[in-house]
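Analysis of the macromolecular model
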Amino acid sequence: MLTSMTTTAAQLVEPKLQFFGNDGKPLSGGKLYTYAAGTTTPLATYVDYHGVTENTNPIILDSNGEANVWLPSTTSYKYVLKDSN
């Protein structure tokens, strides 16, 4: 006798930004600063779409030069990207 199983799965959506150095390699340990557009006032970004947990500012990129960065839809941002030094 054959038995059929049904599995329910949700689509995994996790956008990651990825940055590269001038050498074309991932910007491991790079720093992404986020500010209100046109200012030097730091502005929060979030680790997921819930918008509850803030990223650090600067956001430290992982070994692949990546980070999860979610933005509120009503805010304009300015970004400053620096290497780990």
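Residues numbered from 1 in each chain as written. Predicted model: local features only at pLDDT ≥ 70, side-chain atom pairs only at ≥ 80, totals over all residues. Heavy atoms only, no water.

Regarding the overall build of the chain
We apply this condition: Secondary structure elements are taken from DSSP: a helix is a run of H or I of four residues or more, a strand is a run of E of two residues or more, and numbering for both begins at the N terminus. Burial status follows relative accessibility: with a 1.4 Å probe on protein chains alone, a residue under 20% of its type maximum counts as buried, one over 50% as exposed, and anything between as partly exposed. Any two residues whose heavy atoms approach within 4.5 Å are treated as being in contact. All accessibility values rest on the Shrake-Rupley procedure with a 1.4 Å probe; residue burial counts only the protein chains present in the view.
Looking only at helices and strands, the chain has zero helices and five strands in total. Going from the N terminus to the C terminus, the chain shows its helices and strands as β-β-β-β-β. With 85 residues in all, the chain has 24% of them scored as buried. Of all intrachain contacts in the chain linking residues separated by at least 6 positions in sequence, the fraction that spans at least 24 positions is 67%. Approximately 6,400 Å² of the chain is accessible, and the part contributed by carbon and sulfur atoms is 52%.

A word on the environment of Gly 29
Along the chain, Gly 29 turns up in the loop between β1 (16-18) and β2 (31-36). With 36 residues separating them in the primary sequence, Gly 29 and Gly 65 have C-alpha atoms 6.8 Å apart.

Description of the packing of aromatic side chains
Our working definition: Pairs were defined over the aromatic rings of Phe, Tyr and Trp, the Trp ring being its six-membered one, requiring ring centres within 6.5 Å. Orientation was assigned from the angle between planes: stacked under 30 degrees, edge-to-face over 60, tilted for the rest.
The tally for this structure, following the rule as stated, stands at three aromatic pairs. A centroid spacing of 5.9 Å and a plane angle of 55° characterise the contact between Tyr 49 and Trp 70, whose relative ring orientation is tilted. Of this pair, Tyr 49 sits in the loop between β2 and β3 (59-60) while Trp 70 sits in the loop between β4 (66-68) and β5 (77-82); the two residues are 21 residues apart in sequence, bridging distant segments of the chain. Their ring planes at 10° and their centres at 6.1 Å tell us that Tyr 77 and Tyr 79 sit as a pair that is stacked. Judged by relative accessible area, Tyr 77 falls into the buried class, the value being 13%.

Details of the confidence of the model for the chain
The following threshold applies: Predictor confidence is given residue by residue as pLDDT, running from a minimum of 0 to a maximum of 100.
Here the chain shows a mean pLDDT of 85. Residues at 70 or above account for 82%. Residue range residues 1-12 is modelled with pLDDT below 50. Its contacts to residues more than four positions away, or to other chains, number zero contacts.

Here's the deal with the sheet that holds β5
What counts, and what does not: A strand pair is defined by DSSP finding two or more bridges across the two strands.
The sheet built from three strands is open, its strands ordered β3-β2-β5 with antiparallel pairing. Sheet topology places β3 and β5 at the edges, where each strand pairs with a single neighbour. Across six bridges, β2 lies against β5 in antiparallel orientation. Along β5, the bridge assignment pairs Tyr 33 with Val 80.

Quick word on unusual backbone geometry
Omega for the bond connecting Asn 57 with Pro 58 falls within 30 degrees of zero, at 20°, which places this linkage in the cis form. Tracing the sequence through the fold places Pro 58 in the loop between β2 and β3.

Observations concerning the pairing of β2
Summarising the sheet, β2 and β3 pair through two bridges and their orientation is antiparallel. In the strand pairing of β3, Lys 31 is matched with Ile 60.

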